[in-house]
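Chains, contacts and geometry: an overview
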Amino acid sequence: MNFNLPFIPERPERPRSSGLTMVMDKGLSLRQAEDLCEVASEYTDFVKLGFGTGLLTPNVKDKIKCYQEAGIKPYFGGTLFEAFIARNQFDDYRRFIENSGVETAEISDGVLPIDHDKKCQYIRELSKDFQIFSEVGTKLKGKEISNAEWVSWMKTELEAGAWKVIAEARESGNMGIYNEDGSANSTLIMDIKKEINTAEILWEAPLKSQQVWFIKLLGPNVNLGNISNTEVIPLETLRRGLRGDTLLSFLP
Amino acid sequence: MNFNLPFIPERPERPRSSGLTMVMDKGLSLRQAEDLCEVASEYTDFVKLGFGTGLLTPNVKDKIKCYQEAGIKPYFGGTLFEAFIARNQFDDYRRFIENSGVETAEISDGVLPIDHDKKCQYIRELSKDFQIFSEVGTKLKGKEISNAEWVSWMKTELEAGAWKVIAEARESGNMGIYNEDGSANSTLIMDIKKEINTAEILWEAPLKSQQVWFIKLLGPNVNLGNISNTEVIPLETLRRGLRGDTLLSFLP
Amino acid sequence: MNFNLPFIPERPERPRSSGLTMVMDKGLSLRQAEDLCEVASEYTDFVKLGFGTGLLTPNVKDKIKCYQEAGIKPYFGGTLFEAFIARNQFDDYRRFIENSGVETAEISDGVLPIDHDKKCQYIRELSKDFQIFSEVGTKLKGKEISNAEWVSWMKTELEAGAWKVIAEARESGNMGIYNEDGSANSTLIMDIKKEINTAEILWEAPLKSQQVWFIKLLGPNVNLGNISNTEVIPLETLRRGLRGDTLLSFLP
């Protein structure tokens, strides 16, 4: 901090296992990735190379190196995993991410239906060599799962070897743990909170209102993801009580 | 592609006449234009220097050169054409774009009422020296035109020498071919599709939901425009079935 | 301008006291700040280092220098002032901004309740050494103030030494002078306009519709703030009648 004010929530130093910020990279240039690292590396734990962008951006290896040198862990979004699985090419996926140099991997079934035992098998398998995020929740309307399934799947995926489990919201923040208008599905979230240590969960929260809601519910060191690359610093001001929405939240 | 997956839709190589992506530049710096070229030149056919920004940005000549060196065709948005025509300065407009070094020009009447025969005369005139986009559809509420007029004007503008005809949506995506809530005006679009080869049309589609809708209707090589400079790679993942919304669309 | 069209509204040269554009910097990298200066310095009067970002971005001194070299005046957002006042550290705040090298300061009570006489005392005190923006209007729902209070507070804050008074809208543009849907609270704005010289007011107007509304009401040289760094050039096209929404507004 450029000035040490009292009553600012403490944040653990990286590498940390709570208070995580996961940022969405939808196809940044190398220079834009460097810009993120210059200004926000201290506040960024993971960068997700969103959906299948990792196959299309010519600079992906350079960006992975750039993020790693800044102490940020890059990984490929779950949709890319699903694209390989949909073609029955799990071994190719493993080789692809091995060759790319990442140390983290996401396993999801947001669009592709995958038998849940099979999903847990993928988690067990990849967790031998990678730090695993597994994601629960569908991207598809009409395929929503029950609260009991959310809880049970999160538990079994953590048991299978996931380092953290991600609660789905889409990039737009209107699915999974949120209602169509972007407000929190609080019944679902409370049901999850009752049963699972929330430090094990990373909540996708692309909208400011969602970030504020989770910080007020679970404190400044809640794990939040799908943060736009331009919103990392604003999110950090929320976590530290340096923005209107939380300015008075951490004062005595 | 960084890995060759099967069942990924084929995309023609640039310069192409279908599968076009037209990107909106609302006043980028030279470095931001270079960033776009670094990461997305292969996926970008045209860059529109939006509305009258081309008169105000000091770097416009450098950006035009930068785009052209990356194989992208820059051009000035139709509103700038209308600003000259509103002042009865057509010859000045022609000189201005000639001096700027672009090879493409847009002719529109989105705000300024222009007699349709006169508009076609401008198209005939400028198409001698420039590749022409002509745009159909108003930017003004209460000035909407009938479906029959859309079809008839598109036809006559193509006959007059337009290379492609653009279907208006505004930067915000809530006019012309879209309803006020951004959803597609499907009756209008079907009426157009029945009468005109859709390869001759470039649909403005600034919102992801609109891009998905058109890709599902007309396939991965539909011509789409008014794409934000940060959304070119995400759009390309939609075209290739590498994002949730189209992940299963092109599989056998 | 790259071409001199007639009937383009005149804009005063910087440093100006009307026609101001204040831009929001939510945590830009140094390179992104340079990009803004490259393309838009002529059109930018002030850059606000938004809310508490000034405490968190490691590059803040370099950015302040960068903006100042481009003739732009940077300053810290009012929320940072409130964060110090909430801790009873006014003297520390004064030292902090003195050391940072800025010449402008904002005094606000958007979240922290501050007795209005006390607020005016802060204005009197800091205006000895700094050019002062004071802000009227709450960021909190349910704490809205009456139209009479808006007018009276604006007057007394200008009398206390504020150079301009800012009318609050939040970054999202749905509070203060706007209704929840972002439309203008026109009764309030008319009440203010009747009593105060609008050249003394800077209106926060993050949304395009709000910028258009104010330009149509108060002309191209209305003072507007909370403009995104990517929207400075588009706003300037609105002011000059070079965008659809105002294309016909300034023609004879």
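A brief report on the enclosed structure follows. (Residues numbered from 1 in each chain as written. Chains lettered and ligands numbered in written order. Predicted model: local features only at pLDDT ≥ 70, side-chain atom pairs only at ≥ 80, totals over all residues. Heavy atoms only, no water.)

Digging into the overall build of chain A
In terms of regular secondary structure, chain A is built from 10 helices and 8 strands. At 18 Å, chain A has a C-alpha radius of gyration in line with the 18 Å of a compact globule built from 252 residues. When its C-alpha atoms are laid out on the principal axes, chain A stretches across 55 × 40 × 30 Å. Here chain A, with 252 residues, has 62% of them falling under the buried criterion. Sequence separation of 24 or more characterises 71% of the internal contacts of chain A that already satisfy a separation of 6 or more. With an accessible surface of roughly 9,300 Å², chain A has 45% of that area assigned to carbon and sulfur atoms. Across chain A, the mean location of the 30 positive side-chain charges is 1 Å away from that of the 37 negative side-chain charges. (Helix = DSSP H or I, 4+ residues; strand = E, 2+ residues; numbered from the N terminus. Rg over C-alpha atoms; globule rule 2.2 N^0.38 Å. Buried < 20%, exposed > 50% of the residue type's maximum accessible area, 1.4 Å probe, protein only. Contact = heavy atoms within 4.5 Å. Areas by Shrake-Rupley, 256 points an atom, 1.4 Å probe, with all protein chains shown as cover. Lys, Arg positive; Asp, Glu negative; His and termini not counted. Charge placed at Lys NZ, Arg CZ, Asp CG, Glu CD.)

Some details on the packing of helix 7 (residues 147-160) of chain C against helix 8 (residues 186-195) of chain C
Residue and element names in this part refer to chain C. Put simply, helix 7 and helix 8 touch, their axes get as near as 9 Å, and they point 40° apart. For the element pair helix 7 and helix 8, the recorded crossing hand is right-handed. Contacts between helix 7 and helix 8 involve Asn147, Trp150, Val151, Met154 and Lys155 from the first element and Thr187, Leu188, Asp191, Ile192 and Glu195 from the second. When its residues are assigned to classes, the contact of helix 7 with helix 8 shows 5 nonpolar, 2 polar and 3 charged. (Axes fitted to C-alpha atoms, helices over the stretch in contact; angles between N-to-C directions. Left-handed = near helix turned anticlockwise from the far one by under 90°. Nonpolar A, V, L, I, M, F, W, Y, C, P; charged D, E, K, R; others polar.)

Some thoughts on the relation of the copies chain A and chain C
Mapping chain A onto chain C calls for a rotation angle of 120° and an axial translation of 0.0 Å; the resulting RMSD is 0.0 Å. The superposition operator between the copies reduces to a three-fold rotation axis. Residue by residue, only 4% of the interface of chain A is reproduced at the interface of chain C, so the copies engage with different surfaces. (Least-squares fit on C-alpha atoms with pLDDT ≥ 70 in both.)

Concerning the sheet that holds strand 1 (residues 21-25) of chain C
Residues and elements named next belong to chain C. In spatial order, the strands read 3-2-1-8-7-6-5-4; together these 8 strands make up an open sheet with parallel pairing. Among the strands making up the open sheet, the edge pair consists of strand 3 (73-76) and strand 4 (104-107). Strand-to-strand twist of the sheet, defined as the mean angle between neighbouring strand axes without regard to direction, takes the value 30°. Bridge analysis of strand 6 (residues 164-167) against strand 7 (residues 201-204) gives 3 bridges, and the strand direction is parallel. Of the residues in strand 7, the one forming a bridge with Ala167 is Trp203. (Pairing = 2+ DSSP bridges.)

Details of the relation of the copies chain A and chain B
Superposition record for chain A on chain B: RMSD 0.0 Å, screw rotation 120°, translation along axis 0.0 Å. Of all interface residues in chain A, a mere 3% are interface residues in chain B too; the two copies therefore contact each other through different surfaces.

Looking at the interface of chain A and chain B
Contacts between chain A and chain B engage 31 residues on the former and 28 residues on the latter. Interface of chain A and chain B: buried area, both sides summed, is about 2,600 Å²; carbon and sulfur atoms make up 62% of it. Our enumeration of links across chain A and chain B arrives at 4 salt bridges. Here Arg170 of chain A makes a salt bridge to Asp245 of chain B, at a shortest N to O gap of 3.2 Å. (Buried area = accessible area lost by both parts, 1.4 Å probe. Salt bridge = Lys/Arg side-chain N within 4 Å of Asp/Glu carboxyl O.)

Concerning the pattern of salt bridges
This model, assessed by the stated rule, comprises 63 salt bridges over all chains. For the salt bridge of Arg31 of chain B with Asp35 of chain C, the shortest nitrogen-to-oxygen distance reads 3.1 Å. Taken together, the residues span two chains, with Arg31 of chain B in helix 1 (residues 30-40) and Asp35 of chain C in helix 1 (residues 30-40). Looking at Asp35 of chain C, the relative accessible area reads 6%, which means it is buried.

Quick word on the sheet that holds strand 5 (residues 131-136) of chain B
Residues and elements named next belong to chain B. Strand order in this open sheet of 8 strands is 3-2-1-8-7-6-5-4, and the pairing throughout is parallel. The strands lining the two open edges of the sheet, one partner per strand, are strand 3 (73-76) and strand 4 (104-107). For this sheet the average axis-to-axis angle between neighbouring strands, irrespective of direction, equals 30°. Strand direction decides the pairing type here: strand 7 (residues 201-204) and strand 8 (residues 224-228), joined by 2 bridges, are parallel. Counted as the bridge partner of Glu204 is Gly225 from strand 8. Against the sheet, helix 6 (residues 116-126) touches strand 4 and strand 5, its axis set at about 165° to strand 5. Against the sheet, helix 10 (residues 232-239) touches strand 1 (21-25) and strand 8, its axis set at about 135° to strand 8.

Side note on the environment of Pro15 of chain A
The topology assignment puts Pro15 of chain A in the segment before strand 1 (21-25). The sequence separation of Pro15 of chain A and Ala199 of chain A amounts to 184 residues, and the corresponding C-alpha distance is 15 Å.

Quick look at unusual backbone geometry
Cis peptide bonds are those with omega within 30 degrees of zero, and the linkage from Arg14 of chain A to Pro15 of chain A qualifies with -10°. Here Phe51 of chain B, not a glycine, exhibits a phi torsion of approximately 30°, which is positive. Considering the arrangement of structural elements, one finds Phe51 of chain B in the loop between strand 2 (46-49) and helix 2 (53-56). Phi is positive for Phe7 of chain C, close to 60°, though the residue is something other than glycine.

A few points about helix 5 (residues 90-100) of chain C
Think of an α-helix as turning once every 3.6 residues; residues three or four places apart then point the same way. Residue and element names in this part refer to chain C. Phe90, Tyr93, Arg94, Phe96, Ile97 and Ser100 are the residues of helix 5 that are buried. Take helix 5 and look down its axis: the buried residues cluster within an arc of 160°, on one side only. Among the structural elements, helix 2 (53-56), helix 3 (60-69), strand 3, helix 4 (78-86), strand 4 and helix 6 (116-126) are those in contact with the buried residues of helix 5. Of the residues flanking the end of helix 5, it is Gly101, one or two places downstream, whose phi is positive at about 95°. (Arc of directions from axis to C-beta.)

Quick notes on the packing of helix 8 of chain C against helix 9 (residues 208-218) of chain C
All names here are of chain C. Direction vectors running N to C along helix 8 and helix 9 enclose 35°, while the axes themselves pass 13 Å from each other. Crossing hand, helix 8 versus helix 9: right-handed. Across the interface between the two elements, Ser186, Ile189, Met190 and Lys193 of helix 8 pack against Trp213, Phe214, Leu217 and Leu218 of helix 9. By residue class, the composition of the contact of helix 8 with helix 9 is 6 nonpolar, 1 polar and 1 charged.

What to know about the interface of chain A and chain C
Every contact between the two is made by 27 residues of chain A and, on the other side, 31 residues of chain C. Of the roughly 2,600 Å² buried where chain A meets chain C, counting both sides, 62% is carbon and sulfur surface. Contact with chain C buries surface across chain A, with Asn2, Phe3 and Leu247 of chain A losing the most and accounting together for 22% of the total. Linking chain A with chain C are 15 residue pairs in polar contact (both at pLDDT 80 or more), by the criterion used here. For the side of chain A that touches chain C, the secondary structure elements donating two or more residues are helix 1 (30-40) and helix 10 (232-239) of chain A. Ranked by residue count, the leading element in the side of chain A that touches chain C is helix 1 of chain A, at 5 residues. Residue composition of the side of chain A that touches chain C, grouped by class: 14 nonpolar, 3 polar and 10 charged. (Polar contact = N/O pair within 3.5 Å; in protein donor to acceptor, adjacent residues only side chain to side chain.)

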